[in-house]
Amino acid sequence: MPKRDRDTIPHAAPPRRRRRWLALLCGMLIASPAAAQVEFRAMTPGVEAAARTASDARMEQIVRREHAACVTGARARGDAKAFECNGVLVFAFGEARRRGLRALSDWAVQGVLASVYDPIDAPTALARLRAAAGILSSADYPTSLPFHAAYVADTLADPAAGAAALADLVAQAERYEQLGYPASILIHAEGAATLARRIEGADSALGWRMQAQALRAAALLGRASALQRCSVDPAGPGADPATRLHLQVSCAIATEQAGRWREAEARLRALLADAQAQPAPEVRADVLVALGRNLIRQELYDAAVPFLTSARDLLAPLVTAEDERLLRAPAIRAARAQGALNIATGFRDGKPSGVHRALTGIDALEATIAAADTWALAAERLQRDIDRGALQWEGGVWRQLLTAYREAHEEAGRLIGKDAPMVAMLRAKDAQGQEQYLTEGFRRPLARDYIEEDLIRLMQQAVAGLVTLPQGDRHRVEGLAVAAGFLARNDRDVPRARSLCRSAMAGAIERLEAHAEFDTAAQAQLRRRAPLFAQCVGIAWQAGAAPGTAR
């Protein structure tokens, strides 16, 4: 993946113009995940398939052999710890747990611990499992989830698990909540809720608080279990008012993730009065931030700004210099509110800002996608300035755009799952970004046929993930618009492009019709969809002009 470096900085433009563009570009820097994510070396699909269907003894023989071969190769390349070989250990761990092979799973965990240079102080099997999950989380996040799940399962299986074990599960849930890793939050928070109720009783206040945290994570992930839980009263007698409000906000988020944006907005607005009655500023701010984000996703940026400003003003005074330095919870909450406000004002004003260093995981992803989208809006204008000599840029705008969407696409897949609707939309934009980069914004043809085949395959995968969404879903509308333009270019498949365009336009119209009246918000959304309607008219004419095609 191309890296941002000094070659991507515009230079040698007239001083006034140079200052203007440098200011703009500084605001458009794209966030990278805080932890360096790597891809482990995995076994070939054929070897994995053979291992999955082999007997226990044969499977163990295969994975130990593959790991030994991987370690030999890694050390020959200068990696003394063979960190890349953890992919084999992850597979071995999963198979061992599935088959109940304790010795093999312990071997895999020990191998993960041995792959890092820092010594690990983990005297018990449970401590070693916890440490291995932490190592994998910072390297290849999805591979860590089975280890986290196993750690929680083994903790709950211990009949002697008490207050210390509960405190650790709570601490782990809160740690991953601050990092913005919802799948890990869900695992630990559910475990903590279960253990709290076992220790403190069914109405445990801590149990309900952790249940609320788990529901929020499930809602953010778009899990069906969140909607099922919300179909009945999600709270019980032991839940205090703040926890009840948190649960209700989570149910609104689950509704939103299901594509019912306006229904979610109505639910959040109905909670504003209850929020104002809460003494804790962070509890009041939670409703405001959720409502602001909902309005952003409906592209109602002006409407979002007042709520997010209020949330920011509630949270910012709670942050001390020490909180900011150590990135503690108050600083992260305030950064999330400010980050959402930056997105709303960025889209409203066309001047997106960077991402606060406190934001990681799903919070940084949200800002990264917004920055990539606003960068895409500016890219063609920048390229026209380059074409007419008003701006010089050695790296090229399309390289920056490619990097932006590639980072967003890959990070979204890691954090919320490769089959999530947002990932399908980003996959389409990633494919388009690759084409723009390779053709200088569609100014020259692709150089290789095999590149064309790869792009078509990537776009087809994106469309397959988009067409199953509700017609008015924003991700569907945006993704299908990109796919239609791709298929129409160079006459790849104009009839299919016209079909996708019609579907995207129908979704856009459905979103517009959701407005009660043709107010400023509806007018702003109509203006933002003007390029889609213009594109689709052009594709319709293109299809009608094709030989043998009726208009």
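The notes below deal with the structure included here. What you are looking at is a predicted structure, and each value in this text was computed from that prediction instead of being measured.

## Points about the overall build of the chain
For step 1, the next point in the chain: Looking only at helices and strands, one finds 25 helices and 0 strands in the chain.
For step 2, the next point in the chain: A separation of at least 24 residues holds for 65% of the contacts in the chain among residues at least 6 apart in sequence.
For step 3, the next point in the chain: Per element, the accessible surface of the chain, about 25,100 Å² overall, is 55% carbon and sulfur.

## Here's the deal with the packing of aromatic side chains
For step 1, the next point in the chain: A full pass over the atoms with the stated rule returns 5 aromatic pairs.
For step 2, the next point in the chain: Taking the centre distance of 4.0 Å and the plane angle of 15° together, the rings of F93 and F147 count as stacked. Of this pair, F93 sits in helix α4 (residues 86–99) while F147 sits in helix α7 (residues 141–157), and the two are 54 residues apart along the sequence.
For step 3, the next point in the chain: A relative accessible area of 0% means that F147 is categorised as buried.
For step 4, the next point in the chain: With a centroid separation of 4.3 Å and 40° between ring planes, the pair formed by Y141 and Y181 is classed as tilted. With Y141 in helix α7 and Y181 in the loop between α8 (163–179) and α9 (182–200), this residue pair connects regions lying 40 residues apart in the sequence. Per residue, the accessibility class of Y141 equals that of Y181, and both read buried.
For step 5, the next point in the chain: What links up through ring pairs into an aromatic cluster is the set Y141, Y176 and Y181.
For step 6, the next point in the chain: Above the plane of the ring of W208 lies R197, whose end atom (NZ or CZ) is 4.6 Å from the centre.
For step 7, the next point in the chain: The ring of F486 carries the charged tip of R492 above its face, separated from the ring centre by 3.9 Å.

## What about helix α21 (residues 421–439)?
For step 1, the next point in the chain: When the terminal C-alpha atoms of α21 are compared, their 28 Å separation across 19 residues agrees well with the 27 Å that a helix rising 1.5 Å per residue should span.
For step 2, the next point in the chain: Within α21, 15 of the 19 residues are buried, leaving the element largely enclosed by the surrounding structure.
For step 3, the next point in the chain: Trailing α21 by a residue or two, E440 shows a phi angle of about 55°, which is positive.

## Comments concerning the pattern of salt bridges
For step 1, the next point in the chain: Scanning the model with the defined rule gives 37 salt bridges in all.
For step 2, the next point in the chain: In this structure, the salt-bridge partner of R52 is E48, at a minimum N-O distance of 3.6 Å. You can see R52 and its partner E48 sitting in helix α2 (residues 45–53), 4 residues apart, about one turn around the helix.
For step 3, the next point in the chain: With a relative accessible area of 43%, R52 lands in the partly exposed category.
For step 4, the next point in the chain: The salt bridge partner of E265 is R269, with a shortest N-O separation of 2.9 Å. Linking E265 with R269, this pair stays in helix α13 (residues 261–270), spanning 4 residues, or about one helical turn.
For step 5, the next point in the chain: Residue E265 is classed as buried on the basis of its relative accessible area, which comes to 9%.

## What about unusual backbone geometry?
For step 1, the next point in the chain: A positive phi is found at A82, a non-glycine position, where the angle reads about 50°.
For step 2, the next point in the chain: With a phi close to 55°, D491 is a non-glycine residue in the positive phi region.
For step 3, the next point in the chain: Mapped onto the fold, D491 is located in the loop between α23 (474–488) and α24 (494–513).

## Observations concerning the nonpolar core
For step 1, the next point in the chain: In terms of nonpolar packing, the biggest core is built from 151 residues, with F147, M210 and I416 touching the most fellow members.
For step 2, the next point in the chain: If you tally residues by element for this core, the top one is helix α19 (residues 361–387), at 10 residues.

## A few points about the side chain of E84
For step 1, the next point in the chain: Turning to its location among the elements, E84 is positioned in the loop between α3 (56–76) and α4.
For step 2, the next point in the chain: A distance of 2.7 Å separates a polar atom in the side chain of E84 from a polar atom in the side chain of R41.
For step 3, the next point in the chain: If sequence neighbours within four positions are ignored, E84 has contacts with F40, R41, A74, R77 and D79.

## A short note on α7
For step 1, the next point in the chain: Spanning 17 residues, α7 covers 25 Å between terminal C-alpha atoms, matching the ideal 24 Å at 1.5 Å per step.
For step 2, the next point in the chain: All of the buried residues in α7 are Y141, T143, S144, F147, H148, A150, Y151, V152 and T155.
For step 3, the next point in the chain: Looking at the buried residues of α7, the elements they touch are α4, α5 (102–113), α6 (125–137), α8, α9 and α20 (397–416).

## Digging into the state of the cysteines
For step 1, the next point in the chain: Taken as a whole, this structure holds 3 disulfides when the rule is applied.
For step 2, the next point in the chain: At a sulfur-sulfur separation of 2.0 Å, the disulfide partner of C230 is C251. Taking the torsion about the sulfur-sulfur bond, which here is approximately -90°, the covalent link between C230 and C251 counts as left-handed. Of this pair, C230 sits in helix α11 (residues 224–230) while C251 sits in helix α12 (residues 241–257), placing them 21 residues apart in sequence.
For step 3, the next point in the chain: Accessibility expressed as a relative area gives 1% for C251, which makes it buried.
For step 4, the next point in the chain: For the chain, the bonded cysteines connect in the pattern 1-2, 3-4, 5-6 when numbered consecutively along the sequence.

## Examining the packing of helix α16 (residues 301–315) against helix α18 (residues 329–349)
For step 1, the next point in the chain: The geometry of α16 relative to α18 is characterised by a closest axis approach of 9 Å and an angle of 155° between their N-to-C directions. When the axis of α16 is compared with that of α18, the two are roughly antiparallel. For the crossing formed where α16 meets α18, the hand is left-handed. Between α16, through Y301, D302, A304, V305, L308, T309, A311, R312 and L315, and α18, the contact on the second element is made entirely by R333, A334, A337, Q338, A340, L341, A344, T345, F347 and R348.
For step 2, the next point in the chain: Looking at side-chain class alone, the contact of α16 with α18 contains 12 nonpolar, 3 polar and 4 charged residues.

What counts as what
Residues numbered from 1 in each chain as written. Predicted model: local features only at pLDDT ≥ 70, side-chain atom pairs only at ≥ 80, totals over all residues. Heavy atoms only, no water. Helix = DSSP H or I, 4+ residues; strand = E, 2+ residues; numbered from the N terminus. Contact = heavy atoms within 4.5 Å. Areas by Shrake-Rupley, 256 points an atom, 1.4 Å probe, with all protein chains shown as cover. Phe/Tyr/Trp six-rings, centres within 6.5 Å; stacked < 30°, edge-to-face > 60°. Buried < 20%, exposed > 50% of the residue type's maximum accessible area, 1.4 Å probe, protein only. Lys NZ or Arg CZ within 6 Å of the ring centre and 35° of its normal. Expected span 1.5 Å × (residues − 1). Salt bridge = Lys/Arg side-chain N within 4 Å of Asp/Glu carboxyl O. Core = buried A, V, L, I, M, F, W, Y, C linked by side-chain atoms within 4.5 Å. Polar contact = N/O pair within 3.5 Å; in protein donor to acceptor, adjacent residues only side chain to side chain. Disulfide = S-S within 2.5 Å. Axes fitted to C-alpha atoms, helices over the stretch in contact; angles between N-to-C directions. Parallel < 35°, antiparallel > 145°, perpendicular 65-115°, else oblique. Left-handed = near helix turned anticlockwise from the far one by under 90°. Nonpolar A, V, L, I, M, F, W, Y, C, P; charged D, E, K, R; others polar.

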